[in-house]
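Structure at a glance
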Amino acid sequence: MRRSHEPISWSLFGAGGMLLAFIGPGLIASTLLLGWLVQDPQALYATLSSGLQHPLTRLATLAVIALPLYHTAHRLYHGLHDLHIKGPTWLLGGFFYGGATALSALCAFWLFTL
Amino acid sequence: MSDTIELAVTRYRPEQDTQPWEQRYTVPCSDDMSVLDALNYIKDALDPSLSHRWSCRMAICGSCGVMVNGEPKLSCKTFLRDYREAGVLEVRALDNLPVERDLVADISGVVEHIEAVKPWLIRHSEAPVDTAHSQTPAQMARYHAFSQCINCALCYAACPQFGRNPAFLGPAALTLAQRYNLDSRDEGSSERMPWLNAEEGVWSCTFVGYCSEVCPKDVDPASAINRGKVASDINYGVNLFRLLRGKGDA
Ligand code: SF4
Ligand code: FES
């Protein structure tokens, strides 16, 4: 029996799903409510961007963005299989997991050069 | 309320038929009659050539599985009264498995998968005969639901991944692997993990979940497989660590 390497993508999928389930709704709701709740947008921006100066905050923000990206990519990739949509593995895998990796890298670049 | 109901049975007799065909029978219908009673009525009173499998009549032997109106069911645990509205019951052999004859599916592939994961207690040392391997209720609760499987193969008829790739170990085999791996008396998980870790092990499952819906014993194989994924994931990490330290692949 050959060992599958699926645990790599499944770990990212599981971590992303867990994050989304715990803090996703709260994040979305609070972002939506910002417009009503915040009196002084400039002050909020200043607070948030100074918060993002700390490497740990940056790392946490990256996790909140990158892991759900992998989660989505993994679900879509396997969703295609369930829908009987066939294609070369390198192409589909490259598109979904490669896409999630590229977007995560872009996000990391922005966060760490802020 | 009609006192008869029609059964549309998919017949296949390998020595006569080139392909399956449908035969209709009208059988009496009462509140206490199961689909198995109806099949036995056909066999006894209408057509002795019909083949179907059964033994216990009480949902414990696991041999009477058939598709009823497209769903995998134990025929002894499925009642005609629930199909009065529909008027006709379509009965055929379990999906995803070769048909031996009429309603008899060939489950030997499933049995091989189940045997592959060594579904028995593996011990490196035997306890002396005068002492038992004691277990607390909490330790038993960890695997108890998974031990209720009767090997009826309904979950295999339900699983689209097994339908597409019969090499996939499938719900019951992976559940039994978990059942023994979670048992505090067992020492054999290292012999079962390679099966779980393979593509044909837990990783062919895309969590459709239909297996757990059709299981007549509430075993919840989908949950067992997902717990198997966590175990295989941890095993992958541990193995990576071993490889990094220059030890061989486990
Ligand atoms: S897990 Fe349930 S459906 Fe599958 S073989 Fe066991 S009892 Fe039957
Ligand atoms: S006859 Fe035994 S399970 Fe149905």
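For the structure itself, consult the block above.
In short, a report on the structure. Please read all numbers here as calculations on a predicted model, not as lab measurements. (Residues numbered from 1 in each chain as written. Chains lettered and ligands numbered in written order. Predicted model: local features only at pLDDT ≥ 70, side-chain atom pairs only at ≥ 80, totals over all residues. Heavy atoms only, no water.)

**Things to note about the interface of chain B and chain A**
Accessible area lost on assembly of the parts is the figure often given for the size of an interface. Contacts between the two partners involve 21 residues from chain B, matched on the other side by 15 residues from chain A. Counting the surface chain B buries against chain A, the share from its top three residues, Arg164, Trp203 and Tyr236 of chain B, is 41%. Where chain B touches chain A, the interface holds zero salt bridges. For the pair chain B and chain A, the number of links is ten residue pairs in polar contact (both at pLDDT 80 or more). Those elements that provide at least two residues to the side of chain B that touches chain A are α5 (160-164), α7 (189-197) and α9 (221-244) of chain B. In terms of residue count, the dominant contributor to the side of chain B that touches chain A is α9 of chain B (eight residues). Here the side of chain B that touches chain A is built from residues that sort into eight nonpolar, seven polar and six charged. (Contact = heavy atoms within 4.5 Å. Buried area = accessible area lost by both parts, 1.4 Å probe. Salt bridge = Lys/Arg side-chain N within 4 Å of Asp/Glu carboxyl O. Polar contact = N/O pair within 3.5 Å; in protein donor to acceptor, adjacent residues only side chain to side chain. Helix = DSSP H or I, 4+ residues; strand = E, 2+ residues; numbered from the N terminus. Nonpolar A, V, L, I, M, F, W, Y, C, P; charged D, E, K, R; others polar.)

**Brief notes about helix α1 (residues 6-37) of chain A**
The first and last C-alpha atoms of α1 of chain A sit 43 Å apart over 32 residues, in line with the 46 Å expected at 1.5 Å per residue. Considering bend angle alone, the principal kink of α1 of chain A is centred on Ile23 of chain A and spans about 55°; proline Pro25 of chain A follows within four residues of it. Listing the buried residues of α1 of chain A in full gives Glu6, Pro7, Ser9, Trp10, Phe13, Gly16, Gly17 and Gly24 of chain A. The inward-facing, buried residues of α1 of chain A abut α3 (55-82) and α4 (89-112) of chain A together with α9 of chain B. (Expected span 1.5 Å × (residues − 1). Bend = angle between axes of the 7 residues up to and from the residue. Buried < 20%, exposed > 50% of the residue type's maximum accessible area, 1.4 Å probe, protein only.)

**Points about α4 of chain A**
Residue and element names in this part refer to chain A. Spanning 24 residues, α4 covers 33 Å between terminal C-alpha atoms, matching the ideal 34 Å at 1.5 Å per step. Of all the bends in α4, the greatest, near 30°, is centred on Phe95. Of all the positions in α4, only Leu92, Gly93, Phe96, Tyr97, Ala100, Ser104, Cys107, Ala108 and Leu111 are classed as buried. Buried-residue contacts for α4 involve α1 and α3.

**Focus on the sheet that holds strand β2 (residues 21-28) of chain B**
Residues and elements named next belong to chain B. The strand order β2-β1-β5-β3-β4 describes an open sheet built from five strands, whose pairing is mixed. Across the chains shown, the open sheet's two edge strands, defined by having one partner strand only, are β2 and β4 (71-74). Neighbouring strand axes in the sheet, compared pairwise and without regard to direction, differ in orientation by 35° on average. In terms of strand pairing, strand β1 (residues 4-11) meets strand β5 (residues 88-92) through four bridges, oriented parallel. Each residue of the ladder has a partner; that of Glu6, found in β5, is Val88. Where helix α1 (residues 35-46) meets the sheet, it contacts β1, β2, β3 (65-68) and β5, and its direction lies at approximately 95° from that of β2. (Pairing = 2+ DSSP bridges. Axes fitted to C-alpha atoms, helices over the stretch in contact; angles between N-to-C directions.)

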